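An overview of the molecular structure
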Amino acid sequence: MTKHEIREAAFIILFQMELTGQTAEEIAECTSEEFEMPVNNAVMKLAENVWSKKEDIDAVIGKYSPSRSVARISKVNLSILRISIYELTYENEKIPPKVSINEAIELSKAYGAYNDKAFINGVLNSYYKDLGK
């Protein structure tokens, strides 16, 4: 699987976890069967790592979301933002920040509403700029 496919599969798992309250393992079983989406160790690791840091990540999202509280952000956008904030915070030595931000924007184009990419880009770029200081 490519890194993009790993992110996309992790996004789908995280989104479903948010909606259903099921574990990543439970969702992975259904997802791989229903959507014929491959789920490997890299997908599971990313989804589980993001979920385990959800409170810290949500605090960052809340700080950098100028117009919406975390509770008001769509579950699609929240799942996309969580993956990218996780990568920017915990994987920044392995994944270039611009790649993570671009991948989030691509996911928002594929799964979000028309204006969501601007919101996601704004939150992530603001956080990224502060990371550099």
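Residues numbered from 1 in each chain as written. Predicted model: local features only at pLDDT ≥ 70, side-chain atom pairs only at ≥ 80, totals over all residues. Heavy atoms only, no water.

Considering the side chain of Arg 82
Condition: Counting from the N terminus, the helices are the DSSP runs of H or I reaching at least four residues and the strands are the DSSP runs of E reaching at least two. When a residue's accessible area, from a 1.4 Å probe over protein chains only, is under 20% of the maximum for its type it is buried; when over 50% it is exposed; and in between it is partly exposed. Throughout this description, a polar contact denotes any pair of N or O atoms lying within 3.5 Å of each other; where both atoms belong to protein, one of them has to be capable of donating a hydrogen while the other can accept it, and for residues adjacent in sequence the pair is counted only when both atoms sit in side chains. What makes two residues a contact is simply this: any of their non-hydrogen atoms within 4.5 Å.
Assignment of secondary structure puts Arg 82 in helix 5 (residues 75-90). The buried category is assigned to Arg 82, whose relative accessible area is 3%. Within the local environment of Arg 82, its side chain forms a polar contact with the side chain of Asp 58, the two groups lying 2.8 Å apart. When near neighbours in sequence (up to four residues on either side) are disregarded, Arg 82 contacts Glu 18, Val 50, Trp 51, Lys 54, Ile 57, Asp 58 and Ile 61.

Observations concerning the side chain of Asp 58
Tracing the chain through its elements places Asp 58 in helix 4 (residues 54-64). What makes Asp 58 buried here is its relative accessible area of 15%. Aside from chain neighbours lying at most four places away, what touches Asp 58 is Val 70, Leu 78 and Arg 82.

A word on the packing of helix 6 (residues 97-111) against helix 7 (residues 116-131)
The line we're drawing: The convention used is that axes are lines fitted to C-alpha atoms, helices contributing only their stretch in contact, and that angles between N-to-C directions extend from 0 to 180 degrees. Orientation labels follow simple angle bins: below 35 degrees gives roughly parallel, above 145 gives roughly antiparallel, 65 to 115 gives roughly perpendicular, and whatever is left gives oblique. The hand of a helix crossing depends on one turn: near helix anticlockwise from the far one by less than a right angle means left-handed, and clockwise means right-handed. Residues are grouped as follows: Ala, Val, Leu, Ile, Met, Phe, Trp, Tyr, Cys and Pro are nonpolar; Asp, Glu, Lys and Arg are charged; all remaining types, including Gly, are polar.
Relative to each other, helix 6 and helix 7 sit at 165°, their axes nearing to 9 Å. By the criterion of interaxial angle, the relationship of helix 6 to helix 7 is roughly antiparallel. Crossing hand, helix 6 versus helix 7: right-handed. From helix 6, Pro 97, Lys 98, Ile 101, Ala 104, Ile 105, Ser 108 and Lys 109 reach across to helix 7, where they touch Asp 116, Lys 117, Ile 120, Asn 121, Leu 124, Asn 125 and Tyr 128. The residue makeup of the contact of helix 6 with helix 7, split by class, is seven nonpolar, three polar and four charged.

What to know about helix 1 (residues 3-20)
Stated formally: In this scheme, a helix's expected span is set at 1.5 Å multiplied by one less than its residue total.
Helix length check: helix 1, at 18 residues, gives a terminal C-alpha distance of 25 Å against a target of 26 Å (1.5 Å per residue), a fit within 8%. Considered for burial, the residues of helix 1 that qualify are Ile 6, Arg 7, Ala 9, Ala 10, Phe 11, Ile 12, Ile 13, Leu 14, Gln 16 and Met 17. Phi for Gly 21, located one or two positions after helix 1, is positive at around 80°.

Notes on the pattern of salt bridges
Short version of the rule: Each salt bridge in this description consists of a side-chain nitrogen of Lys or Arg and a carboxyl oxygen of Asp or Glu lying within 4 Å of one another.
Inspection of every chain in the model, using the stated rule, returns seven salt bridges. Ionic pairing is found between Lys 75 and Glu 18, a salt bridge with its closest N-O pair at 3.8 Å. Of this pair, Lys 75 sits in helix 5 while Glu 18 is found in helix 1, placing the two residues 57 residues apart along the sequence. A relative accessible area of 31% means that Lys 75 is categorised as partly exposed. Glu 18 sits in the partly exposed class, given a relative accessible area of 21%.

Some words on the layout of surface pockets
Formally: With a 1 Å grid spanning the protein atoms alone, the term cavity applies to any set of points in which a 1.4 Å probe fits but cannot get out, the term pocket to an open set with protein on both sides within 12 Å along at least five of seven lines, and the term lining residue to any residue with an atom within 4 Å of a point. Grid points are joined across faces, edges and corners, and a volume is the space filled by probe spheres set on the points.
Size it by volume and the largest pocket reaches roughly 240 Å³. Along its surface, the largest pocket is lined by Lys 3, Ile 6, Arg 7, Ala 42, Lys 45, Leu 46, Asn 49, Tyr 86, Glu 87, Glu 91, Lys 94 and Ile 95. For the lining of the largest pocket, the secondary-structure elements that each account for two or more residues are helix 1, helix 3 (41-52) and helix 5. At four residues, helix 3 tops the list of elements feeding residues into the lining of the largest pocket.

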